[in-house]
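For reference, the chains in residue letters:
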Amino acid sequence: MPIYEYKCQSCAHQLESLQKISDAPLVDCPACKAPELKKMLSAPGFRLGGSGWYETDFKTGAKKNLASGDASAATASGGGGSSASE
């Protein structure tokens with residue numbers, strides 16, 4: 001779900017709201033209660049929920065920490081330097 005940023009045109013209060021794309025935009029400011037909220041143009045933010053979104057979700061055994069073990073695996077196999085061609 002996207003995270004939208006809003007700013008009140010009346011009191012300049014800013015807030016973020018986690019909303020469905022199909023939800024109507026917020027209108028009422030929670031700070032001053034005026035119907036002056038406007039969506040701000042910003043970089044899109046979203047939240048991934050559920051399983052399957054992380055590196056380790058589909059890996060088993062020793063493969064779970066591939067990101068942290070890349071440098072040590074490259075040097076152990078000889079792929080980390082130019083000494084293999086000498």
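Scroll up to find the structure.
Reading the values: the criteria
Residues numbered from 1 in each chain as written. Predicted model: local features only at pLDDT ≥ 70, side-chain atom pairs only at ≥ 80, totals over all residues. Heavy atoms only, no water. Helix = DSSP H or I, 4+ residues; strand = E, 2+ residues; numbered from the N terminus. Buried < 20%, exposed > 50% of the residue type's maximum accessible area, 1.4 Å probe, protein only. Contact = heavy atoms within 4.5 Å. Pairing = 2+ DSSP bridges. Phe/Tyr/Trp six-rings, centres within 6.5 Å; stacked < 30°, edge-to-face > 60°. Lys NZ or Arg CZ within 6 Å of the ring centre and 35° of its normal. Core = buried A, V, L, I, M, F, W, Y, C linked by side-chain atoms within 4.5 Å. Disulfide = S-S within 2.5 Å.

K.L.:
Mind showing me how you'd approach the overall build of the protein here?
P.N.:
The secondary structure content of the protein amounts to one helix and four strands. The 86 residues of the protein split such that 10% are buried. For the protein, long-range pairs separated by at least 24 residues make up 32% of all intrachain contacts whose partners lie at least 6 apart in sequence.

K.L.:
Explain the environment of Cys 11 here, please?
P.N.:
Mapped onto the elements, Cys 11 comes out in the loop between strand S1 (2-8) and strand S2 (14-18). Residue Cys 11 is classed as partly exposed on the basis of its relative accessible area, which comes to 36%. Placed 23 residues apart in sequence, Cys 11 and Ala 34 show a C-alpha to C-alpha distance of 8.6 Å. Setting aside anything within four residues of it in sequence, one finds Cys 11 in contact with Cys 29, Ala 31 and Cys 32.

K.L.:
Got a minute to help me understand the pairing of S1 in this structure?
P.N.:
A regular strand places its side chains so that they alternate between the two faces of the sheet. Across five bridges, S1 lies against S2 in antiparallel orientation. Residue pairing across strands places Tyr 6 opposite Leu 15, the latter belonging to S2. A loop of five residues connects S1 with S2, the two strands running antiparallel in sequence, and Ala 12 in this loop sits at a positive phi of about 70 degrees. In this structure, S1 lies alongside strand S3 (residues 37-39), joined through three bridges in antiparallel fashion. What sits directly across from Lys 7, in S3, is Lys 38.

K.L.:
Honestly, the packing of aromatic side chains in this entry has me stumped. Any pointers?
P.N.:
In this description, a pair of aromatic rings is defined by centroid distance and the angle of the planes. The final tally for this structure, using the stated rule, is zero aromatic pairs. The ring of Tyr 4 carries the charged tip of Lys 39 above its face, separated from the ring centre by 3.9 Å.

K.L.:
Explain the nonpolar core to me, please; I cannot follow it from the model alone.
P.N.:
If you look at soluble globular proteins, the nonpolar side chains tend to sit buried side by side. The biggest cluster of nonpolar side chains holds five residues, and these are Tyr 6, Cys 8, Leu 15, Cys 29 and Leu 37. Ignoring any residue separated from it by four or fewer positions in sequence, one finds Leu 37 in contact with Tyr 6, Lys 7, Cys 8, Leu 15, Leu 26, Val 27, Asp 28, Cys 29 and Pro 30.

K.L.:
Before we go on, may I ask you to explain the state of the cysteines in this structure?
P.N.:
By definition, a disulfide links the sulfur atoms of two cysteine residues through a covalent bond. On inspection of all chains with the given rule, the structure shows zero disulfides. Note on Cys 29: no disulfide assigned, nearest cysteine sulfur contributed by Cys 11 at a separation of 3.7 Å. Under the relative-accessibility criterion, Cys 29 is labelled buried at 2%.

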